[in-house]
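Analysis of the macromolecular model
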Amino acid sequence: MQMGDNIAATNHHHHHHQVFDVSIDVPSQNGSKCFDDDGRLNRTGTVWTASAHIITAVIGSGVLSLAWAIAQLGWVAGPAVMFLFSFVTYYTSSLLTDCYRTADPVSGKRNYTYMDAVRSILGGAKVKACGLIQYLNLFGIAIGYTIAASISMMAIKRSNCFHESGGNNPCHMSSNPYMILFGVMEIFLSQIPDFDQIWWLSIVAAVMSFTYSAIGLALGIVQVAANGAFKGSLTGISIGTVTQTQKIWRSFQALGDIAFAYSYSVILIEIQDTLKSPPAESKTMKKAAKLSIAVTTAFYMLCGCMGYAAFGDFAPGNLLTGFGFYNPFWLLDIANAAIVVHLVGAYQVFCQPIFAFVEKQVAESWPDSYFLSKEFKIPVPGLLPYKLNLFRLVWRSCFVILTTVISMLLPFFNDVVGILGALGFWPLTVYFPVEMYIAQKKITKWSTRWMCLQMLSMACLVLSIIAGAGSIVGVVNDVKAYTPFKTTY
């Protein structure tokens, strides 16, 4: 860490005069103080807004599968793996913050998205690979969130049904109507044009994620108190409960679940692009990353460990809906409602980059099309007029419908989460940041620093492959006992 900071500091002194000149030139270019050095409106983000964005993106539905993941790994490996992932995520995201501006951390050319950064620093085929993986990952997250939200809506319905029947009725129901409902909500919300215009959404979502994680935590603590002892063992789930091979695959899948719980580097640069400067954006972002990863890790530890302590080997795949807890039923309802509200917002946070990318590509290909570029102003009472664009309406609605249909086809929350974690973790959280950092800082091949970075990258690749394999085995096992569109819980 220290070394990177020192390099940044020396760079900073080195380029000082140049920066000073640039800042004088800016008003003359734009004729106004309301613009940043790239001619866009002044950015206003601070450490706090950036941390809120990161926490919103990170503490997603990932929390809910952590008790299950720790149950597979046990009291020793579980927390150790979690610390390992949080450290790697923090380290690589601090490498990534230095890639927001190409060449010079203070006055270099800005990269607005993760792909822009890869394009301007690495270039070539890597750009296409990165884009493909990134958008696939975001697409997958949209599916994972649809599944999670529908499961939570059902959990509310089921816990009330349980309560009314005094626990006699098993209350089986289909998840499809709930997925469709979620999809309809998202179609409306996805018409909001821009990432920065939804700042309040992040704050609402952050509050919600704390609400449900705190409820999960509290219920875990109460359950432990009721049991009078900590359940679970040092080595994880016992061989009697699952077979030896199952245990191995499930441990691998648990790695994927934990990796998914930390996957936010995908949108790190987009978040950094909302920050105001000076101070240099990378400095602010490093602070935000440190703060938010510390908060989320502490939180994850508590939720995951308390869930495991409460249920031992039988920790459910989704803490608040796996019916580990039945009572107090109103508290569970609040928690699940909070999950739904949070996921509704988080879905947008992860889908906006896809929307923006496709719309930009299409606009460049057909610049004069009436269908694409014509905006109709619709007056909204009490707000600015809403600009309706036909292409946006059609394309975003189709996208949401597609994610909803796929979720109805494959509604396995844990496995989907594991696969996504594995797919996104190595390339996006480790490989590209490390490669860009090496290129950006011109680290010589085979130097100690280079070797260490490459070893980190290799180790994470192995983790990713193992986790992916575990999750795929999980999906295969689930599909055996399953007919499409007919899930009941």
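Scroll up a little and you will see the structure.
Residues numbered from 1 in each chain as written. Predicted model: local features only at pLDDT ≥ 70, side-chain atom pairs only at ≥ 80, totals over all residues. Heavy atoms only, no water.

Description of the overall build of the chain
Note the following rule: Secondary structure elements are taken from DSSP: a helix is a run of H or I of four residues or more, a strand is a run of E of two residues or more, and numbering for both begins at the N terminus. With a 1.4 Å probe rolled over the protein chains alone, any residue whose accessible area is under 20% of its type maximum counts as buried; one over 50% counts as exposed, and the rest are partly exposed. We call two residues in contact when some of their heavy atoms are within 4.5 Å.
The helix and strand tally for the chain stands at 16 helices and 4 strands. By the burial criterion, 54% of the 489 residues in the chain qualify as buried. If you take every contact in the chain between residues at least 6 apart in sequence, the share linking residues at least 24 apart comes to 81%.

Considering helix α12 (residues 329-365)
The criterion, for reference: Multiplying one less than the number of residues by 1.5 Å gives the expected span of a helix. One axis is fitted to the seven residues ending at the residue and one to the seven starting there. The bend at that residue is the angle between these axes.
Across its 37 residues, α12 extends 54 Å between first and last C-alpha, which sits within 8% of the 54 Å expected from 1.5 Å per residue. Where α12 bends most, the angle comes to about 40°, and this point is Cys 351, followed within four residues by the proline Pro 353.

Points about the nonpolar core
Our working definition: Put simply, buried Ala, Val, Leu, Ile, Met, Phe, Trp, Tyr and Cys residues joined by side-chain atoms within 4.5 Å make one nonpolar core.
Ile 258, Tyr 300 and Phe 399 are the most contacted members of the largest nonpolar core, which totals 128 residues. Beyond its immediate chain neighbours, meaning those up to four positions away, Tyr 300 contacts Val 58, Ile 59, Val 63, Leu 66, Met 82, Ala 261, Tyr 262 and Cys 305.

Focus on the pattern of salt bridges
Rules: By definition here, a salt bridge exists when the distance from a side-chain nitrogen of Lys or Arg to a carboxyl oxygen of Asp or Glu is within 4 Å.
By the definition in use, this model includes 7 salt bridges. Measuring nitrogen to oxygen at the nearest pair gives 2.9 Å for the salt bridge that ties Lys 286 to Asp 98. Of this pair, Lys 286 sits in helix α11 (residues 281-311) while Asp 98 is found in the loop between α4 (66-97) and β1 (101-102), placing the two residues 188 residues apart along the sequence. Accessibility expressed as a relative area gives 6% for Asp 98, which makes it buried. Here Glu 359 ties to Arg 396 by a salt bridge, and the two come within 2.8 Å at their closest N and O atoms. Of the two residues, Glu 359 is situated in helix α12 and Arg 396 in helix α14 (residues 390-409); the sequence distance between them amounts to 37 residues. The class of Glu 359 is buried, set by a relative accessible area of 18%.

Comments concerning the environment of Glu 281
In this fold, Glu 281 is placed in helix α11. Distance in space between the C-alpha atoms of Glu 281 and Val 47 is 9.6 Å, their sequence separation being 234 residues. Look past the residues within four positions of Glu 281 in its chain and what remains in contact with it is Tyr 100, Arg 101, Pro 105, Arg 110, Gln 272 and Leu 275.

With respect to a nonpolar patch on the surface
Put simply, the test is: Only residues whose relative accessible area exceeds 30% and that form no salt bridge enter a patch; like-charged residues are grouped when within 9 Å of one another, and nonpolar side chains (Val, Leu, Ile, Met, Phe, Trp, Tyr) when within 5 Å. The accessible surface values rely on the Shrake-Rupley method and a 1.4 Å probe; as for residues, cover is taken only from the protein chains in view.
Residues Ile 401, Val 405, Leu 409, Leu 410 and Val 479 make up a contiguous nonpolar surface patch of about 350 Å² in total accessible area. The biggest single contributor to the nonpolar patch is α14, with 3 residues. Structurally, the position occupied by Leu 409 is in helix α14. Overall, the relative accessible area of 32% leaves Leu 409 in the partly exposed class.

What about the packing of aromatic side chains?
Selection rule: We call Phe, Tyr and Trp rings a pair once their centres come within 6.5 Å, taking the six-membered ring for Trp, and we label the pair stacked below 30 degrees between planes, edge-to-face above 60, and tilted otherwise.
Following the criterion strictly, the structure yields 15 aromatic pairs and no others. When the ring of Tyr 431 is compared with that of Phe 432, the centres are 5.2 Å apart and the planes differ by 70°; the resulting orientation is edge-to-face. An aromatic cluster of three or more residues is present, and its members are Phe 139, Phe 355, Trp 395 and Phe 399.

Details of the packing of α4 against α11
Angle between the axes and distance between the axes: these two values describe a pair of packed helices. Just so we agree on the cut-off: Think of each axis as a best-fit line through the C-alpha atoms, taken over the contacting stretch in the case of a helix, with angles from 0 to 180 degrees between the N-to-C directions. Oblique is the label for any angle not covered by the other classes, which are roughly parallel (under 35 degrees), roughly antiparallel (over 145) and roughly perpendicular (65 to 115). Residues are sorted three ways: Asp, Glu, Lys and Arg are charged, Ala, Val, Leu, Ile, Met, Phe, Trp, Tyr, Cys and Pro are nonpolar, and all the rest, Gly among them, are polar.
As a packed pair, α4 and α11 sit with axes 10 Å apart at the nearest point and diverge in direction by 180°. Comparing the axis directions of α4 and α11 gives the class roughly antiparallel. Among the residues forming the contact of α4 with α11, the class breakdown is 17 nonpolar, 10 polar and 2 charged.

A short note on unusual backbone geometry
At Lys 442, a residue that is not glycine, the phi angle is positive and equals roughly 50°. Along the polypeptide, Lys 442 turns up in the loop between α15 (413-440) and α16 (448-480). On the basis of relative accessible area, Lys 442 is assigned to the exposed category, the value being 69%. A positive phi angle, near 65°, is found at Trp 446, a position not held by glycine. Residue placement: Trp 446 occurs in the loop between α15 and α16. Of the residues examined, Trp 446 reaches a relative accessible area of 61% and is grouped as exposed.

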